[in-house]
Amino acid sequence: MMYPYLTLRDDTEITHSEMRQDGRVKVYIETPDERDGFHHAVCWLPGYEWEDIQGYSASEMAYFRQLIRNNAHAILEFSRDGGILYAADI
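Keep in mind the model is a prediction, meaning the values are calculated, not measured.

Some remarks on the pattern of salt bridges
Step number 1: Summed over all chains, the structure comprises three salt bridges.
Step number 2: Among the salt bridges present, the one from Arg-35 reaches Asp-36, with a minimum N-O distance of 3.3 Å.
Step number 3: Given the relative accessible area of 41%, Asp-36 is considered partly exposed.
Step number 4: One network of salt bridges, with partners in common, ties together Asp-22, Arg-24 and Glu-49.

This is the structure:
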């Protein structure tokens, strides 16, 4: 299951999985694009292993790498608690 984490002003959605038994969490980034449909990338925490990067420029990826690093602690916590909405008791 994937949980919502953050929506950026350009409609980029950042979601994350539940924490797996091996302690890894999948973070998925997706941005709608009129020409290509969607740009996307996957990061596996806690190792910051990036894969399946499609459509993002080097500067966009630098931004996402920093964004995920700055939020990894929260994403990892929420992945154990059933997502941000569950953790916030909303």
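What about the environment of Tyr-5?
Step number 1: Residue placement: Tyr-5 occurs in strand 1 (residues 2-7).
Step number 2: The class of Tyr-5 is buried, set by a relative accessible area of 15%.
Step number 3: As for Tyr-5 and Phe-78, which are separated by 73 residues in sequence, their C-alpha atoms are 8.8 Å apart.
Step number 4: Polar contacts involving the side chain of Tyr-5 include one to the side chain of Asn-71, which spans 2.7 Å.

Some details on the nonpolar core
Step number 1: The biggest cluster of nonpolar side chains holds 20 residues, and the ones touching the most others in it are Leu-45, Trp-50, Phe-64 and Ile-68.
Step number 2: Mapped onto this core, the elements with two or more residues apiece are strand 3 (25-33), strand 4 (37-45) and helix 1 (58-81).
Step number 3: It is helix 1 that contributes the most residues to this core, nine residues altogether.
Step number 4: Contacts of Phe-64, omitting those with residues within four sequence positions, involve Leu-8, Thr-12, Ile-29, Thr-31, Trp-50 and Tyr-56.

Here we look at helix 1
Step number 1: With 24 residues, helix 1 should reach 34 Å at 1.5 Å per residue; the first-to-last C-alpha distance of 33 Å fits that figure.
Step number 2: Taking the largest bend as the criterion, helix 1 deviates by roughly 60°, centred on Asn-71.
Step number 3: All of the buried residues along helix 1 are Met-61, Phe-64, Leu-67, Ile-68, Asn-71, Ala-72, Ala-74, Ile-75, Leu-76, Phe-78 and Ser-79.
Step number 4: A positive backbone phi angle near 90° is found at Gly-82, which sits one or two residues after helix 1.

What about the pairing of strand 4?
Step number 1: Within strand 4, seven of the nine residues are buried, leaving the element largely enclosed by the surrounding structure.
Step number 2: Bridge analysis of strand 3 against strand 4 gives nine bridges, and the strand direction is antiparallel. Opposite Pro-32, over in strand 4, you have Phe-38 as the bridge partner.
Step number 3: Connecting strand 3 to the next strand, strand 4, in antiparallel fashion are three residues.
Step number 4: The pairing of strand 4 with strand 5 (residues 49-54) spans four bridges and is antiparallel. Its bridge partner lying in strand 5, Val-42 is registered against Glu-51.

Some details on the environment of Ala-41
Step number 1: Within the element layout of this structure, Ala-41 appears in strand 4.
Step number 2: Ala-41 sits 20 residues away from Met-61 along the chain, and the two C-alpha atoms are 8.7 Å apart.
Step number 3: Sequence-distant contacts of Ala-41, that is, excluding residues within four places in its chain, are made with Val-27, Tyr-28, Ile-29, Trp-50, Glu-51, Asp-52, Ile-53, Tyr-56 and Met-61.

Calculation criteria
Residues numbered from 1 in each chain as written. Predicted model: local features only at pLDDT ≥ 70, side-chain atom pairs only at ≥ 80, totals over all residues. Heavy atoms only, no water. Salt bridge = Lys/Arg side-chain N within 4 Å of Asp/Glu carboxyl O. Buried < 20%, exposed > 50% of the residue type's maximum accessible area, 1.4 Å probe, protein only. Helix = DSSP H or I, 4+ residues; strand = E, 2+ residues; numbered from the N terminus. Polar contact = N/O pair within 3.5 Å; in protein donor to acceptor, adjacent residues only side chain to side chain. Core = buried A, V, L, I, M, F, W, Y, C linked by side-chain atoms within 4.5 Å. Contact = heavy atoms within 4.5 Å. Expected span 1.5 Å × (residues − 1). Bend = angle between axes of the 7 residues up to and from the residue. Pairing = 2+ DSSP bridges.

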